[in-house]
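Inside the fold
Residue-level listing of the chains:
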Amino acid sequence: MISISCIASTMAVQSVVHLASPFPSLGLTRPYKRPSLFTSCCSSLSNKAGTGATDFKPMLPSVERWPEYIPNKLPDKNYVRVFDTTLRDGEQSPGAALTPPQKLEIARQLSKLRVDIMEVGFPASSEEEFETVKTIAKTVGNEVDEETGYVPVICALARCNHRDIEAVWEAVKYAKRPTILIFISTSDIHMKYKLKKTKEEVIQMAVSSVRYAKSLGFNDIQFGCEDAGRSEKEFLCKILGETIKAGATTLNLGDTVGINMPQETRELVSYLKANTPGIDDVVISVHCHNDLGVATANAIAGICAGARQVDVTVNGIGERSGNAALEEVVMSLKRRGSHVMDGVYTRIDIRQILATSNMVQEYTGLYIQPHKPIVGANCIIHESGIHQIPYIKLSKLHMESYHQKMSRLSSLPSLRLNRPYNKSSLSISCCSPVSKMGGTSAGDLKPVLERWPEYIPHKLPDKNYVRVFDTTLRDGEQAPGGALTPPQKLEIARQLAKLRVDIMEVGFPVSSEEEFETVKTIAKTVGNEVDEATGYVPVICAIARSKPEDIEAAWEAVKYAKRPKILIFTSTSDIHMKYKLKKTKEEVIEMAASSVKFAKSLGFVDVQLGCEDGGRSEKEFLCKILGESIKAGATTVNVADTVGINMPEEYGELVSYLKANTPGIDDVIFSVHCHNDLGVATANTIAGVCAGARQVEVTVNGIGERSGNAPLEEVVMALKCRGEYLMDGVYTRIDTRQIMATSQMVQEYTGLFVQPHEPIVGANCFVHESGIHQDGILKNRSTYEILSPEDVGVVKSQGSSIVLGKLSGRHAVKDRLKELGYELDDEKILNDIFSMFRDLTKQKKRITVDDLKALVTCRDEVTSLNGATGEETNGYVPISQVSSVVSNL
Ligand SMILES: CC(=O)SCCNC(=O)CCNC(=O)[C@H](O)C(C)(C)COP(=O)(O)OP(=O)(O)OC[C@H]1O[C@@H](n2cnc3c(N)ncnc32)[C@H](O)[C@@H]1OP(=O)(O)O
Ligand SMILES: CSCCC(=O)C(=O)O
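In this report, we go over the structure that sits alongside the text. (Residues numbered from 1 in each chain as written. Chains lettered and ligands numbered in written order. Predicted model: local features only at pLDDT ≥ 70, side-chain atom pairs only at ≥ 80, totals over all residues. Heavy atoms only, no water.)

1. Considering the sheet that holds strand S6 (residues 250-255)
Strands in a sheet are paired, the pairing made by backbone hydrogen bonds, and the direction either parallel or antiparallel. Taken together, the eight strands give a closed barrel; going around it, the order is S1-S2-S3-S4-S5-S6-S7-S8, and neighbouring strands pair in parallel fashion. Shown here is a sheet whose adjacent strand axes are inclined to one another by a mean of 25°, direction ignored. Examined bridge by bridge, strand S5 (residues 221-226) and S6 share four bridges and lie parallel to one another. Counterpart to Cys-225 in the pairing with S6 is Leu-253. The sheet contacts of helix H6 (residues 199-216) involve strand S4 (178-185) and S5, and relative to S4 the element is tilted by about 170°. Relative to the sheet, helix H7 (residues 233-246) contacts S4, S5 and S6, its axis offset from that of S5 by approximately 165°. (Pairing = 2+ DSSP bridges. Helix = DSSP H or I, 4+ residues; strand = E, 2+ residues; numbered from the N terminus. Axes fitted to C-alpha atoms, helices over the stretch in contact; angles between N-to-C directions. Contact = heavy atoms within 4.5 Å.)

2. Here's the deal with the environment of Asp-84
With respect to the element layout, Asp-84 can be found in strand S1 (residues 81-84). Sequence spacing of Asp-84 and Ser-808 is 724 residues, and the spatial spacing of their C-alpha atoms is 22 Å. The contact partners of Asp-84, leaving out residues within four places of it in the chain, are Leu-110, Val-115, Ile-117, Met-118, Glu-119, Val-312, Thr-313, Val-314 and Leu-326.

3. Brief notes about the packing of aromatic side chains
Summed over all chains, the structure comprises seven aromatic pairs. An angle of 70° between the planes, with centres 4.8 Å apart, marks the rings of Trp-452 and Tyr-536 as edge-to-face. Of this pair, Trp-452 sits in the loop between helix H12 (389-408) and strand S9 (467-470) while Tyr-536 sits in the loop between helix H14 (513-524) and strand S11 (539-545), and the two are 84 residues apart along the sequence. Look at Tyr-536 and you get buried, because its relative accessible area is 1%. Residues Phe-834 and Phe-837 carry aromatic rings whose centres are separated by 5.9 Å and whose planes lie at 25° to one another, so their mutual orientation is stacked. Note that Phe-834 and Phe-837 are positioned in helix H25 (residues 827-840) at a spacing of three residues, about one turn of the helix. Judged by relative accessible area, Phe-837 falls into the buried class, the value being 0%. The residue whose ring lies beneath Lys-233 is Tyr-271, and the NZ or CZ to ring-centre distance is 5.3 Å. Over the ring of Trp-66 we find Arg-347, and its NZ or CZ is 4.4 Å from the ring centre. (Phe/Tyr/Trp six-rings, centres within 6.5 Å; stacked < 30°, edge-to-face > 60°. Buried < 20%, exposed > 50% of the residue type's maximum accessible area, 1.4 Å probe, protein only. Lys NZ or Arg CZ within 6 Å of the ring centre and 35° of its normal.)

4. A few points about the packing of helix H17 (residues 585-602) against helix H18 (residues 619-632)
Packing of H17 against H18 brings their axes to within 8 Å, and their N-to-C directions diverge by 25°. Relative to H18, the element H17 lies roughly parallel. Here H17 runs over H18; the crossing is right-handed. Along the contact surface, H17 presents Lys-585, Val-588, Ile-589, Ala-592, Ala-593, Val-596, Lys-597 and Lys-600, while H18 presents Phe-621, Lys-624, Ile-625, Glu-628, Ser-629 and Ala-632. Here the residues of the contact of H17 with H18 are counted per class, giving eight nonpolar, one polar and five charged. (Parallel < 35°, antiparallel > 145°, perpendicular 65-115°, else oblique. Left-handed = near helix turned anticlockwise from the far one by under 90°. Nonpolar A, V, L, I, M, F, W, Y, C, P; charged D, E, K, R; others polar.)

5. Side note on the site of ligand 2
Ligand 2 sits among Arg-88, Asp-89, Leu-181, Gly-224, Cys-225, Glu-226, Asn-252, Gly-254, Thr-256, His-287 and His-289. Contact between ligand 2 and His-287: an oxygen atom at 3.1 Å from a side-chain N or O atom of the residue. Contact distances for ligand 2 include 3.1 Å between an oxygen atom and a side-chain N or O atom of His-289. Burial of ligand 2 by the protein chains amounts to 97% of its free accessible area of 290 Å². The element that contributes the greatest number of residues to the shell around ligand 2 is S5, accounting for three residues. Classifying every residue of the shell around ligand 2 gives two nonpolar, six polar and three charged. (Near = heavy atom within 4 Å. Polar contact = N/O pair within 3.5 Å; in protein donor to acceptor, adjacent residues only side chain to side chain. Areas by Shrake-Rupley, 256 points an atom, 1.4 Å probe, with all protein chains shown as cover.)

The structure is reproduced here in structure tokens:
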């Protein structure tokens with residue numbers, strides 16, 4: 001797999017990159033080194049080829065007129081409106097609080113990016129927020145681009161109450177195109193625990209809120225269903241129908257807790273489109289969270305089903321694991337919109353993506369991981385199109401650098417333990433499966449003491465068993481900068497065994513002497529360490545090209561394991577066969593079949609044949625080569641989306657086709673291997689499983705070439721949470737309680753640290769900083785969490801999941817004070833302390849318990865110093881001028 005990187009990379013990365021950021025440095029330290037960046041251009045592609053320089057447009061501003069903005073209508077049936085919520089939902093990320101000037105600057109940059117609508121805040125939350133939204137509305141909201149006529153729509157958030165709605169109107173009415181997003185929860189769990197309202201009351205609140213917004217002057221009203229992903233469909237039709245009647249122009253469906261799988265999102269949108277009165281006269285928007293790593297795929301699924309507005313944030317920041325990432329959704333539509341999605345498109349200026357990403361990183365302090373799709377440092381691979389000669393040269397260069405890397409292994413310093421993000425201390429705990437309607441609970445713990453099922457290479461213990469093939473130590477290690485020392489590889493292999501991966505692919509023995517020895521050592525040790533209680537022992541796999549010397553090296557290295565396995569790969573796409581292998585189809589089939597036979601002749605009974613770049617290969621050819629390899633003795637076959645170009649539906653269809661048309665396929669295991677260049681690797685893997693694949697190839701933390709591979713933790717937790725309910729009962733035997741420990745070890749040894757909003761293993765996954773979410777969590781955890789931290793090996797008290805910052809509300813502050821021993825039943829005292837608290841958040845991102853204690857102690861003194869009464873100012877949250885006092889506390 002080493003020579004493919006450049007040929008393999010199809011991403012028009014150059015089209016989103018920019019010169020070093022154009023705004024002044026804020027003096028913030030950046031944890032990852034980025035290569036210097038340059039500006040280039042963009043193109044849309046079929047999945048048959050990479051970007052061609054011929055597709056590039058000159059770097060001139062587009063002079064096309066911007067289409068007229070009509071709130072409930074789009075310029076044409078394929079136009080997808082981009083609703084950016086970086087400054088509202090994005091800012092709700094723990095630790096992301098922005099200053100007003102930063103928000104204004106980001107708003108200007110979003111305007112350069114050409115987002116259709118920007119949601120810039122929640123005016124009722126504080127006076128400062130109110131003023132910031134107003135300033136953006138007055139400035140950016142009136143900056144009409146002379147040439148194109150573009151001006152962004154300015155949106156702000158309101159709950160279903162008149163006070164919030166009024167605050168939005170007073171703040172955004174200055175914009176040329178003001179809009180409001182009024183939201184209410186529609187799931188049973190939210191209505192019961194958070195709102196404490198009946199369905200009828202909720203409909204009533206929604207309708208009267210929309211009417212009120214209209215009466216104030218809004219002619220553009222977005223109505224949002226929070227937690228729509230867990231709501232009853234019939235109820236959604238009802239409330240949406242009523243709000244359309246009341247005057248809503250866009251309907252927004254929130255998968256607030258990130259629990260939906262793409263096929264579900266698609267079904268939901270289709271159902272609502274078919275059953276909601278008046279829905280064809282409004283725009284449908286999808287708002288997807290990323291708790292299971294499929295937010296981008298969900299957004300795309302919604303669009304495929306007819307949604308024509310998509311809520312996104314830059315870098316995918318947002319509550320917990322964040323939102324669908326603007327850059328992933330936009331680039332997916334750009335790359336595949338015209339090929340697999342009926343021609344849908346956005347008008348985002350993708351040349352501004354990287355500058356925007358950089359600005360958002362620096363201002364929020366939420367730095368992305370190197371393998372973040374589109375904007376991560378490792379995505380930047382090349383400068384020219386895949387059909388061009390330089391690619392071949394680059395490929396060779398890459399090959400050389402790979403070998404240099406391999407030979408450097410032994411001289412590497414051992415551990416880089418500097419950790420850019422503070423993580424709470426972790427410990428191993430327990431696991432449980434979850435239904436969609438509730439959260440996980442430690443209550444359904446089962447000790448993992450069952451006997452491990454017998455391993456038969458070409459057969460599974462039952463039809464729903466999904467084998468986990470971990471390739472962290474092979475494909476994962478190919479991540480730029482991810483090189484490991486032999487002792488580190490051994491230690492990770494031991495940890496992978498604790499995690500109970502079925503198979504671990506641990507290296508490429510022919511690539512160097514050291515690699516050979518490392519694989520051999522793992523085979524001899526970890527490959528023989530049988531767990532007494534269960535009988536578990538991992539299969540040890542090594543990779544080989546379809547060359548006798550590779551296969552021999554693999555055998556000599558892994559034959560010591562109790563269960564040795566080989567993965568022989570060959571390329572099957574026209575582009576790879578022509579340029580990389582320089583072989584005909586017939587020759588490639590012959591190489592594959594004879595390689596499988598050769599491996600068998602050496603002693604391998606477990607032989608996997610892998611089709612590199614299978615995602616861009618002719619289906620009929622794939623059937624042929626897989627059929628011949630099975631005849632030759634392959635026990636598993638895989639089809640890889642090596643360049644991460646497939647969309648989930650497409651990939652699922654490919655697997656279904658191959659399962660239906662390949663001779664002998666039912667006698668072997670079908671495996672899927674997906675890369676993450678467009679941010680949909682997890683969804684593709686799941687689509688493969690739904691289509692009948694029963695082995696998933698994954699890496700810990702999703703590390704790997706460019707934007708990496710499908711992350712083990714996302715795929716495993718998605719199957720764990722939804723396998724039983726949505727996917728016919730599929731399951732893995734991963735000990736999920738080992739996920740966090742494994743993730744941390746891989747981070748520390750590779751130096752590839754995950755971003756705070758990385759699903760499952762990111763520091764923010766179980767942390768809540770915005771008031772409304774904190775209130776929900778305090779009332780019932782399942783309102784905003786679908787996983788329990790214990791499931792993935794994190795032990796936290798409820799308190800530690802609530803952090804106090806500028807977006808926190810009274811419930812959270814009151815609860816923390818109670819924990820500290822202060823029972824505040826007096827509303828006035830609470831309001832005083834809350835307003836001092838809010839003031840302090842202007843100076844500090846995080847408010848500690850010591851800060852809180854000091855606020856309580858100082859309350860009387862502060863009140864008398866400032867004469868603050870605790871009464872509300874201008875109708876919104878009161879802010880006492882106490883900063884000079886509290887800042888010294
Ligand atoms: C859609 C989302 O992502 S929700 C997150 C929105 N953003 C934020 O929460 C960050 C900014 N938030 C804040 O500044 C504060 O939370 C405020 C000012 C909005 C509210 O603060 P407080 O009045 O102190 O209330 P707190 O945040 O503790 O509790 C939220 C209240 O809103 C209610 N609420 C939540 N959603 C809605 C809704 N859609 N419509 C009406 N009421 C709602 C809750 O039930 C709770 O009410 P209660 O006090 O009667 O129990
Ligand atoms: C669906 S309206 C937007 C509400 C929201 O932010 C969410 O549901 O996550």
